[in-house]
Amino acid sequence: MNLYDKLLEKKQKGYKSFAVLLDPDKLDKESCAKIVNMGVESKIDYFFVGGSLLTENNLNYIVRTIRSNSNIPVVLFPGSNVQIDASANAILLLSLISGRNPDFLIGQHVVAAPILKKSKLEIIPTGYILVDCGKQTTVSYISNTTPLPHDKPSIAVCTAMAGEMLGLKVIYLDGGSGAMYPVSKKMISMVSKSVDTPIIVGGGINTPQKAMDALTAGADMIVIGNAIEKDPNLLIEVSERVGEINKTLNIS
Ligand code: 1GP
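What you see as residue numbers is a count from 1 along each chain, following the sequence as written. A pLDDT threshold of at least 70 governs which residues receive local features in this predicted model, and a stricter bar of 80 or more applies before side-chain atom pairs are shown or counted, although totals over entire chains, interfaces and linings include all residues. The side-chain numbers reported here are obtained from all heavy atoms of the structure, hydrogens and water having been left aside.

1. Brief notes about the site of the ligand
To keep things clear, this is the line we draw: By convention in these notes, a residue is near a molecule or strand provided one of its non-hydrogen atoms lies within 4 Å of it. In the analysis that follows, any N or O atom pair within 3.5 Å is treated as a polar contact, provided that within protein one partner can donate a hydrogen and the other can accept it, and provided that, for residues neighboring in sequence, both atoms belong to side chains. For accessible areas, the Shrake-Rupley method is used with a probe of radius 1.4 Å. Any residue's cover is judged against the shown protein chains and nothing else. Each residue is assigned to one of three groups, with Ala, Val, Leu, Ile, Met, Phe, Trp, Tyr, Cys and Pro labelled nonpolar, Asp, Glu, Lys and Arg labelled charged, and all others, Gly among them, labelled polar.
Taken together, 13 residues sit near the ligand, with Asp 174, Gly 178, Gly 204, Gly 225 and Asn 226 positioned nearest. For the ligand, an oxygen atom lies 2.9 Å from a polar atom in the side chain of Tyr 172. A distance of 3.2 Å separates an oxygen atom of the ligand from a polar backbone atom of Gly 203. For the ligand, whose unbound accessible area comes to 310 Å², protein coverage reaches 96%. Residues that form the shell around the ligand fall into these classes: four nonpolar, eight polar and one charged.

2. What about the packing of helix α2 (residues 29–41) against helix α3 (residues 59–69)?
Here is the rule we go by: Every axis corresponds to a line fitted to the C-alpha atoms, with the helix fit spanning only the stretch in contact, and the corresponding angles, defined between N-to-C directions, vary from 0 to 180 degrees. Helix and strand definitions follow DSSP, with helices as H or I runs of at least four residues and strands as E runs of at least two, each counted in order from the N terminus. Left-handed describes a crossing whose near helix is turned anticlockwise from the far helix through less than a right angle; right-handed describes the clockwise counterpart. By definition, residues are in contact when any of their heavy atoms lie within 4.5 Å.
Following both chains from N to C, one finds α2 and α3 inclined at 35°, their axes separated by 10 Å at the closest point. Judged by the twist between their axes, the crossing of α2 over α3 is right-handed. Along the contact surface, α2 presents Lys 29, Cys 32, Val 36 and Val 40, while α3 presents Tyr 61, Ile 62, Thr 65, Ile 66 and Asn 69.

3. A closer look at helix α8 (residues 208–217)
Short version of the rule: Exposed residues in this analysis have more than 50% of their type's maximum accessible area, buried residues have under 20%, and partly exposed residues fall in between, with area computed by a 1.4 Å probe over protein chains only.
Along α8, the residues that are buried comprise Pro 208, Ala 211, Met 212, Ala 214, Leu 215 and Ala 217. Tucked inside the fold, the buried residues of α8 contact β1 (17–22), α7 (185–194), β7 (199–202), β8 (221–224) and α10 (233–249).

Here's what the structure looks like:
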């Protein structure tokens, strides 16, 4: 079963997933190995790899390190079309639908298409909604797009519905890396009720409580990057909390 079908099956059963985002620019060999080992121990669901702007040419090393030390799927979360590595398992093909910059809606994808076609990567078409979460983020600056207002969940709902109608398979609500606070519970809840796609939520989740808030509001998957780089033990705590929710559902 491919990753998307598995994710859909999990969603239908109410099962939650936890992805740890590794930003290749922020990790050295030692910290990468440490987080990968912790992810294996805690049985996290996915490693996401990527960043809005990569300067270190480290992507391939990170993907290989994860692949050779674990069976946890590696999903590319690319900031641009140069962040493709065929040795990963899948790629979120992000269309930045909260923005109005054609390059991030379709342009980058045109350039990436022939490379992706030749790869064996599973392509997961994703409607990426960037939400204002208290400060300007790299993704907002680099993509030259305005984030969706934090307190306007109805705009997020309409954006997610349009994305689903266009055929996007996943909706990703993102406050951006290192956001001051996460996407609101209200927005997550309203979006999750308005579309049938799996909902991924990330950006600014830095405590187990914030992770739980996003999941109980309706996220099918949460993504944490920055906070785990700062305190890798958060990976264990969040993983335990996600496991507790899933245990109550009595599914494998
Ligand atoms: C950013 O959703 C990811 O695109 C994760 O954000 O680094 O703030 O956890 P953080």
